[in-house]
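Summary of the model geometry
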Amino acid sequence: MERTPKALVVLTWVTSAVFVVALYLVLFWAPQEAIMGDVQRVFYFHVAAGWVGALAFLVTAIVGGIYLARGEQRWDMIAVASVEIGIVFTFINIVTGSIWARPIWNTWWTWDPRLVTATIMLLIYIAYIMLRQGIEDPDRRARFGAVYGIVGFISVPLTFLSIRIFRTIHPIVVGSSDPTAQGAFDMTADMRVAFFFSLFTFTLIYITLLWHRLRLQNLMEKIEERKLTALSS
Amino acid sequence: MSEIHPTSELVEQKIETRADGSLRAYLRSIAAIVWKDLAAEFRSRELIGAMLVFAALVILIFNFALELDIRTREAVTSGVLWVTFAFAGTLGLNRSMAIEKDRGCLDGLLLAPVDRNAIYFGKAIGNLFFMLIVEAIILPMYSVLYNVNLFQPGLIFVILLGSIGYTAVGTLLASMAVQARTRDMLLPILLFPVLIPLLLAAVKASNGFLLGFEMAEIMPWINVMIAYDVIFIAVAFMVFDFIVEE
């Protein structure tokens, strides 16, 4: 049995500690927002989760490109691990946004460009996972994953752009076309500290999870190998 | 110096003719693949027939689902058209790549001494042809059924731009989907989220032309479509090699 590398253990503990600090900063330390009250505190983790989602998908597209250029399996492993984490965090981003929007916009959902783009992005990467599940040959799976990771990532800004044009030409009556219009606020210095600390925390969580996921993948492959040798002997 | 000069000129000339020759060979292999697809289709008439019947059915269903009376019709025509094209298109894309895969034709194509990108462009142009033929039949049919004039140069230009983008991405993703276990199910799931910017722009631009908006309001959509077409043709050109690699 292979032990967890010491650096990873340390990183996991550090991340946990940092997360507790971030919780404290967000829930107690940051001042209450004057108009929205405590609901505004969702904002810190909401944006941080969205950031990690986008970062994870960017990483997938980049390592996909590297995989296509070099053909080394480990890049593909990073790509899958990153997509899985990205899906979870994008989902957290959408759900926390909904929780915030219910009292502030008085609806769980509006067809705002950012909301729609985040959802379509989520769908693209769920399709990515489904594509991979449908292919047995690991080499081909990696190549197709890389290609779809790149194609999908390129389409996301175009989606955002086109929905944005859509909304500026046709103003919508319910809710707001611009999220800064309803529920906008200026951050105080304390809020900004909590905000940037959340971003930092979530980035750290991303790195930790990615590392754990890669290790898991390695172990899975080792088990697979042992199974094969056990079966053949 | 005087001795070197003519030689280098000769070399240059040689390179030029070779580049010219390989470009011509490239175009010829694309044309051959397109021709093969068209000839096979005109003999079997499987693909276009199925796409057409399916498209007609989709329009019929929309008729009942949306109760297309005169007022709603004006507002939703472009949406109905594009949904119809998109659905009928996946049918065609799936089929066109599945034929290659099932009968081992793709391996034959890959063995042929042609550039792999030529295979992509050949298939994409073939698919574009099928799509345009279906659209050319659906448009007058819709015009007659619902008494709207769809034959406006602006609208036809939008349909052309939209179909180019659709087949560019569709051919790329279909050639991945046919190699997967869940292929028929997989294509729309892969294709539609990536297509959304194109479809949205196409619906809006078509709507603009149908309702007689000013060009200033339609232009952003046309620009989005042109950008989409250019970007994805370029991406497909770069990555297609990796999809058919064995």
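Our structure's up above, just so we're on the same page.
In what follows, the accompanying structure is described. On a predicted model such as this, the values are computed, not experimentally measured, just so you know. (Residues numbered from 1 in each chain as written. Chains lettered and ligands numbered in written order. Predicted model: local features only at pLDDT ≥ 70, side-chain atom pairs only at ≥ 80, totals over all residues.)

A few words on the overall build of chain B. For chain B, the count of helices and strands is eight helices and zero strands. Along chain B, helices and strands appear, N-terminal first, in the series α-α-α-α-α-α-α-α. Here the C-alpha coordinates of chain B stretch approximately 80 × 45 × 30 Å along the principal axes. Across the 246 residues of chain B, 41% fall into the buried class. (Helix = DSSP H or I, 4+ residues; strand = E, 2+ residues; numbered from the N terminus. Buried ≥ 20, exposed ≤ 12 C-beta atoms within 10 Å, placed from the backbone.)

Attention now moves to the interface of chain B and chain A. Counting residues at the interface gives 25 residues for chain B and 27 residues for chain A. Put simply, the parts of the chain that give the side of chain B that touches chain A at least two residues each are α7 (183-210) and α8 (215-244) of chain B. The element that contributes the greatest number of residues to the side of chain B that touches chain A is α7 of chain B, accounting for 10 residues. Tallied by class, residues from the side of chain B that touches chain A come to 19 nonpolar, two polar and four charged. (Contact = placed C-beta atoms within 7 Å. Nonpolar A, V, L, I, M, F, W, Y, C, P; charged D, E, K, R; others polar.)

Our focus in this paragraph is α7 of chain B. The sharpest bend along α7 of chain B measures roughly 55° and falls at leucine 195 of chain B, with the proline proline 197 of chain B sitting one to four residues further on. The buried fraction of α7 of chain B amounts to 23 of the 28 residues, a majority that puts the element mostly inside the structure. (Bend = angle between axes of the 7 residues up to and from the residue.)

On to unusual backbone geometry, then. Its identity as a non-glycine residue notwithstanding, asparagine 106 of chain A has a phi of 65°, on the positive side. Inspection of the secondary structure puts asparagine 106 of chain A in the loop between α3 (73-104) and α4 (113-133). One non-glycine residue with positive phi stands out, namely arginine 45 of chain B, at about 50°. Tracing the chain through its elements places arginine 45 of chain B in the loop between α1 (4-44) and α2 (47-66).

Worth remembering: the numbers are spatial, not functional.
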